[in-house]
Amino acid sequence: MNKLLVDSYGRKSSYMRISVTDRCNLNCTYCAGEGFEFIPHARVLRYEEIFKLMELATDLGVRKIRFTGGEPFVRKGFVEFLIEAAARFSDLELCVTTNGTLIGNCVEKIAFAGIKRINISLDTLNPARFKSITGHDKFDLVLENIDRCLKAGMTVKVNSVAMKNVNDDELADFIGLAGSLPLDMRFIEFMPVGLDTGWTAESIWSAEDIIAQAREFAELSPCEEEGANSGPARMFSIVGGKGRLGVISPHSNHFCSTCNRLRISSDGNLRSCLFSDKVYRLRAMFRNPKVSGRAVEKVFKEALRHKPVGHDLLELMPAVKGVCRTRMASIGG
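Computed from a predicted structure; not experimentally measured. (Residues numbered from 1 in each chain as written. Predicted model: local features only at pLDDT ≥ 70, side-chain atom pairs only at ≥ 80, totals over all residues. Heavy atoms only, no water.)

A. View of the overall build of the protein. Assigned secondary structure in the protein consists of 11 helices and 12 strands. The 333 residues of the protein split such that 54% are buried. The long-range fraction of contacts in the protein, counting pairs at least 24 apart against all pairs at least 6 apart in sequence, stands at 74%. As displayed, the protein offers around 15100 Å² of accessible surface, 50% of which is attributable to carbon and sulfur atoms. (Helix = DSSP H or I, 4+ residues; strand = E, 2+ residues; numbered from the N terminus. Buried < 20%, exposed > 50% of the residue type's maximum accessible area, 1.4 Å probe, protein only. Contact = heavy atoms within 4.5 Å. Areas by Shrake-Rupley, 256 points an atom, 1.4 Å probe, with all protein chains shown as cover.)

B. Structural context of the side chain of Thr-134. Along the polypeptide, Thr-134 turns up in helix H4 (residues 127-134). Of the polar contacts made by the side chain of Thr-134, one reaches the backbone oxygen of His-136; its length is 3.1 Å. If we skip the residues at most four places from it in the chain, Thr-134 touches Leu-26, Asn-27 and Cys-28. (Polar contact = N/O pair within 3.5 Å; in protein donor to acceptor, adjacent residues only side chain to side chain.)

C. Local environment of the packing of aromatic side chains. Inspection of every chain in the model, using the stated rule, returns 10 aromatic pairs. Ring centres of Phe-73 and Phe-78 lie 5.0 Å apart, and the angle between their planes is 85°; on these two criteria the pair is classed as edge-to-face. Residue Phe-73 shares its accessibility class with Phe-78, and that shared class is buried. In textbook terms, an aromatic cluster arises when at least three aromatic residues are bridged by ring pairs, as seen for Tyr-47, Phe-51, Phe-67, Phe-73, Phe-78, Phe-81 and Phe-89. Stacked on the ring of Tyr-15, the Lys or Arg Lys-64 has its end atom at 4.7 Å from the ring centre. The residue whose ring lies beneath Lys-278 is Tyr-280, and the NZ or CZ to ring-centre distance is 5.1 Å. (Phe/Tyr/Trp six-rings, centres within 6.5 Å; stacked < 30°, edge-to-face > 60°. Lys NZ or Arg CZ within 6 Å of the ring centre and 35° of its normal.)

D. Molecular detail of the nonpolar core. Core analysis: the biggest nonpolar cluster contains 79 residues, and Met-16, Met-54, Phe-67, Leu-282 and Phe-300 have the highest contact counts within it. Looking at which element gives the most residues to this core, the answer is helix H1 (residues 47-59), with seven residues. When near neighbours in sequence (up to four residues on either side) are disregarded, Leu-282 contacts Leu-53, Ile-264, Gly-268, Leu-270, Val-296, Val-299 and Phe-300. Of all hydrophobic cores here, the second largest spans nine residues; its members include Met-191, Cys-223, Cys-273 and Phe-275. (Core = buried A, V, L, I, M, F, W, Y, C linked by side-chain atoms within 4.5 Å.)

E. Local environment of the sheet that holds strand E11 (residues 269-271). Spatial ordering of the open sheet is given by E7-E8-E9-E6-E5-E4-E3-E2-E1-E10-E11-E12, a layout of 12 strands whose pairing is mixed. Each having just a single partner strand, strand E7 (220-222) and strand E12 (280-281) make up the two edges of the open sheet. Sheet topology note: the strand E1 (residues 15-19)/strand E2 (residues 64-68) ladder contains five bridges and is parallel. By the bridge assignment, Tyr-15 is partnered in E2 with Lys-64. Along the sheet face, helix H2 (residues 78-88) touches E2 and strand E3 (93-98) and points at about 160° away from the line of E3. Strands strand E4 (117-121) and strand E5 (155-162) of the sheet are contacted by helix H5 (residues 139-151), whose axis makes an angle of about 145° with E5. (Pairing = 2+ DSSP bridges. Axes fitted to C-alpha atoms, helices over the stretch in contact; angles between N-to-C directions.)

F. Structural detail: the packing of H1 against H2. Put simply, H1 and H2 touch, their axes get as near as 11 Å, and they point 25° apart. In this view, H1 runs roughly parallel relative to H2, as classed from their interaxial angle. In the crossing of H1 with H2, the sense of the turn from one axis to the other is right-handed. Touching Tyr-47, Glu-48, Ile-50, Phe-51, Met-54 and Glu-55 of H1 are Phe-78, Phe-81, Glu-84, Ala-85 and Arg-88, all from H2. Its residues placed into classes, the contact of H1 with H2 shows seven nonpolar, no polar and four charged. (Parallel < 35°, antiparallel > 145°, perpendicular 65-115°, else oblique. Left-handed = near helix turned anticlockwise from the far one by under 90°. Nonpolar A, V, L, I, M, F, W, Y, C, P; charged D, E, K, R; others polar.)

Written out as structure tokens, the structure is:
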């Protein structure tokens, strides 16, 4: 029996994003929005259940797992979980996406354990605007922790949601950050995921506009080395700088034909596409001793059989409404 996760379009899913919590210590409106209700603790996957999921995923050909939230470091025991995960799954590429506020005291510990890749979300380099976007005055702390991750030898990617009339006046500063530090500065087009997040068509700061404007502030050279553009980001080196600039364009120039991702929400729902609300419920299966791993595997295969092309869903989207009603905080970044 073919165990690889291949969908009806021939796309192989080798990358899984696992949300360990929907809770966060920041309050970015595009992620949670107003009136967001947290998942009750009893419905959140236990760490041992996540380990079972990882064992199954590895057996099915998944080679990269990223832990997300919410903010993953909010969850009690997450550092210890990461260290154990790195020990148990030494053949997997394990990564973390974080807002960078809580990682400081454990950077060296998790880097030593084998967690070498960190994505840090940062939508502004203006301290006052950071407080306005997130509801908290923690900007300097994030910069300190970016520096700490770099000094620990981690590969750091800084991700910024690109939003018109929010942070589109800061491009020169972002390029300056990437020029002065050996990191990837990546802009992600604002996506219509979730209701009440402030998304409108007018709020999209497109990847092409970002690159065109960036060339006014720095000389950019497309990265052509092997693996530089293996993911959804188009990367550019900053001539004379230490870091790189990248754009991710799920809205204006989609990469659905090469999508290799599956998402697991913190309550154990499998999503095959970010732009679809269709979920496959795994938590009850993991908690039922009579359900075999083979039965869970069949659910994964079923999800892949029906995995859509996300951009087709975008084209059917009603004006000014999110294509996916579930908020990003519930899905997992």
